[in-house]
Amino acid sequence: LRQATDRLNEWVEEVRQKIIDWSQQAHTATATEIEATKATAAAQGVTLTRHSRTLDHLSCWCEQLRVREQGLTRVLLHVLDSGSPELVKLFERALTVPELNSKQAA
């Protein structure tokens, strides 16, 4: 009975030590993965911030373009209202969008 108890105690101690080793390895691996994930998230955060700034810049640029186009439209309408029929035809010809043939489009 004493031998069986000793063998059982040895086996329990061996299992306990293996569980401790496995737990430490799992903890180390998990900590490493968490650090890698943090680094990736930080890098993605920097990229998102940069993209956000770029989109804000583009939005401002588009608004400036809209305001400029609106002003130019008012000027053109004023010129057309006070201009001659020849001037109107000239503007119509200048504002006509040329059609692309299929070779140019491809």
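Residues numbered from 1 in each chain as written. Predicted model: local features only at pLDDT ≥ 70, side-chain atom pairs only at ≥ 80, totals over all residues. Heavy atoms only, no water.

1. A word on the overall build of the chain
Consideration 1: Helices and strands together make up the secondary structure of the chain, namely three helices and zero strands.
Consideration 2: Secondary structure of the chain in N-to-C order comes out as α-α-α.
Consideration 3: The C-alpha radius of gyration of the chain comes to 38 Å, more than 25% above the 13 Å expected for a compact globule of 106 residues.
Consideration 4: If you line up the chain on its principal axes, its C-alpha atoms span 120 × 35 × 15 Å.
Consideration 5: Taking all 106 residues of the chain together, 0% fall into the buried category. (Helix = DSSP H or I, 4+ residues; strand = E, 2+ residues; numbered from the N terminus. Rg over C-alpha atoms; globule rule 2.2 N^0.38 Å. Buried < 20%, exposed > 50% of the residue type's maximum accessible area, 1.4 Å probe, protein only.)

2. Thoughts on the confidence of the model for the chain
Consideration 1: Averaged over every residue, the pLDDT of the chain is 90; residues scoring 70 or more account for 95%.
Consideration 2: Confidence scores differ between elements of the chain, with helix α3 (residues 102-105) showing the lowest mean pLDDT of 59 and helix α1 (residues 2-82) the highest of 95. (pLDDT = per-residue confidence, 0-100.)

3. Re the pattern of salt bridges
Consideration 1: Inspection of the entire model under this criterion finds four salt bridges.
Consideration 2: Across the salt bridge formed by Glu35 and Lys38, the nearest N and O atoms sit 3.5 Å from each other. Note that Glu35 and Lys38 are positioned in helix α1 at a spacing of three residues, about one turn of the helix. (Salt bridge = Lys/Arg side-chain N within 4 Å of Asp/Glu carboxyl O.)

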